[in-house]
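Take a look at the letters that make up each chain.
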Amino acid sequence: MTNHAFQKLNRRKHPAAKRICIGAAAATAFIASLTLTFSSLAATVYSVKVAGDPAVQVEVHTFRKDPVHVVRHAGISLAEDDLIGVASVNGGDNSALTVYKSGQTSIEVDGREHIVETNGSVANTLASGGITLDHGDTISVDLGSIAYDGLEINIDRAFDVFVEDGDNTYTYRTTGCKAGEAVYAMGLVLEDGDELSVAPETFLSEGDTVEVLRCTYQERIAEEDIDFGTTVIRDNSLFEGQSKIISKGVPGTQQVTYRDKYLGTSCVASEPIVSTILTEPVNEVKAVGTRVFSVSGKVPISNLSLPDGFALDENGVPANYSSYFDGIATAYYGGGITASGRPAAVGYVAVDPKVIPYGTELWVASLDGEYVYGYAIAADTGGFVKGGWADMDLYMNTESECWQFGIRGVRIYIL
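Residues numbered from 1 in each chain as written. Predicted model: local features only at pLDDT ≥ 70, side-chain atom pairs only at ≥ 80, totals over all residues. Heavy atoms only, no water.

1. Quick notes on the sheet that holds strand 13 (residues 215–226)
- Pairing in this open sheet of three strands is antiparallel, and the strands run 13-16-17 from one edge to the other. Each edge of the open sheet carries a strand with a single partner, namely strand 13 and strand 17 (266–279). Going across the sheet, the axis of each strand differs from the next one's by a mean of 20 degrees, ignoring polarity.
- Of the pairings in the sheet, the one linking strand 13 to strand 16 (residues 252–263) comprises 12 bridges and is antiparallel in character. Opposite Ala222, over in strand 16, you have Val256 as the bridge partner. (Pairing = 2+ DSSP bridges. Helix = DSSP H or I, 4+ residues; strand = E, 2+ residues; numbered from the N terminus. Axes fitted to C-alpha atoms, helices over the stretch in contact; angles between N-to-C directions.)

2. Here we look at the nonpolar core
- Within the largest apolar cluster, 26 residues are counted, with the highest numbers of intra-cluster contacts made by Val349, Leu362, Tyr373, Met392, Leu394 and Phe405.
- At the level of secondary structure, the elements contributing two or more residues to this core comprise strand 19 (323–332), strand 20 (348–351), strand 21 (361–366), strand 22 (372–381), strand 23 (392–395), helix 8 (399–405) and strand 24 (408–414).
- Contact partners of Phe405, with chain neighbours within four places excluded, come to Ala329, Thr330, Ala331, Tyr371, Leu394, Met396 and Val410. (Core = buried A, V, L, I, M, F, W, Y, C linked by side-chain atoms within 4.5 Å. Buried < 20%, exposed > 50% of the residue type's maximum accessible area, 1.4 Å probe, protein only. Contact = heavy atoms within 4.5 Å.)

3. Focus on a nonpolar patch on the surface
- Among the surface-exposed residues, Ile328, Trp389 and Ile407 lie close enough to one another that they form a single nonpolar patch of about 320 Å² accessible area.
- Position of Ile328 among the secondary structure elements: in strand 19.
- On the accessibility criterion, Ile328 (32% relative accessible area) is partly exposed. (Patch = residues over 30% accessible without salt bridge, like charges linked within 9 Å, V, L, I, M, F, W, Y side chains within 5 Å. Areas by Shrake-Rupley, 256 points an atom, 1.4 Å probe, with all protein chains shown as cover. Salt bridge = Lys/Arg side-chain N within 4 Å of Asp/Glu carboxyl O.)

4. A closer look at the confidence of the model for the protein chain
- Looking at the protein chain as a whole, the pLDDT averages 87, with 87% of positions reaching at least 70.
- A low-confidence stretch, residues 1–40 stays under pLDDT 50, and its non-local contacts, those more than four residues away or across chains, total 11 contacts. (pLDDT = per-residue confidence, 0-100.)

Now the structure itself:
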C-alpha cells in the first residue's frame, strides 16, 4: 500500500497539478498521508566488515538491497577482483556483508613460505600457487572459504607411522600424534596387562614404530640349588678376628614351578608357584677365634723412637691404630741403603710398596707371641715381592737372628 501511494504521488506531480487547485484542507490531508507513507518505510541495518581487518566494521542504514551499494555506502572501496560475501544477508536488521579484498595470501608449507595471489576460494588460490594437498595433510582454513589479502594459511604435511601388533603391521598417516592415539586410530584394544613399547604420551615422528606388547603367561619348571647356611663354633686356638672352615657346605636342590609374565616375546616377571625340595642342604662349619692376641711384657726388638702419643694397651699391642692384618714375615740383614734412601737398620722393614707405601708407620709382632718387633717404618722393598709369598721382611742385626726368626706369622698394625 505504501509503494502504491508513493507511485501515485509521482504520477500526479506534473501537468495535472497545474490544473487542479487544492484547498487548504485537502493539502493538509495530503501532507499527513505522505508523512505516514514514509514513516512506514524502515531502512535495513547492515553490518559491513573487511575480512582479516578487525578495525573495519561499519554499521550502515539504507533502503538499498544491492550489496555493492551497501558496501560503498559504508565507505569501503572495491577493486575489480574483490568479493562480497552475502551468506548472512537476510533482508532485515542484523544483515551482514563481508568484503574479501583481493591481494596476496601467505601459505606456510614444507618449512617454506609461499606468497600467492588470491583467486576466489582457498582451494583455487592453492591451485594457482601450484600447491597440492596429499592424503592426510591438514590445512588451517576451510578449502571452500574465500581467500583474501593478508590471509595466512598453514599446511601440515602428513607422514607415516607404524603400529605393530604381533605379526601384523599397520600404517597410520598423521600430521603428528601420540603413540596411544595411533594405536587407538587403528582400532586396536589393549587388554588387561598389555602395554606399548613406548609411553602412550610419546609424540611420534615420521617412520616411528609403536609395538603393542600383548601380555601372556607361561608356566615352567626349573631345578635350582638351595643355599647352605653356616654353623659357627668358637675356637680358642684362633685369635679374635681369625676364622677357618672346618667342613664345607653342600647346597641342596629343589624343583620350582614358575609363572612367567611375557610382554610380547620378552619375559618381564617370574613368580614361583610351587617348590619341592629334592635334597636338603648341608651347612658349612666355621671356626671363629676367641683367643686374645697378647704380647704383654715382651721387649720390642726395634729401638726406633716412638711417635708422640703412642701407647700400648694391657695386651701389649697398640692402643690406637687405623687397621691391622695377619700375614707372613721373614728376616734379613746386611746393612746398606734401603730403597727409600734410608740406611738399613733395625726398625726399617721391607714391604711391597704397592700394598704398604714407604714411610708408613707400623707395629709388628709374631702371632706365636715369641717376637715383638715393635715400632717400624716401611723403608725398603723385599725380594719376596715378586714371588708374593710373604708380606714383610724384618731387618735384623745378625744372620743368626734371621735364621732364628725364620718364617713366621705376624700381626701387622697400620698406625
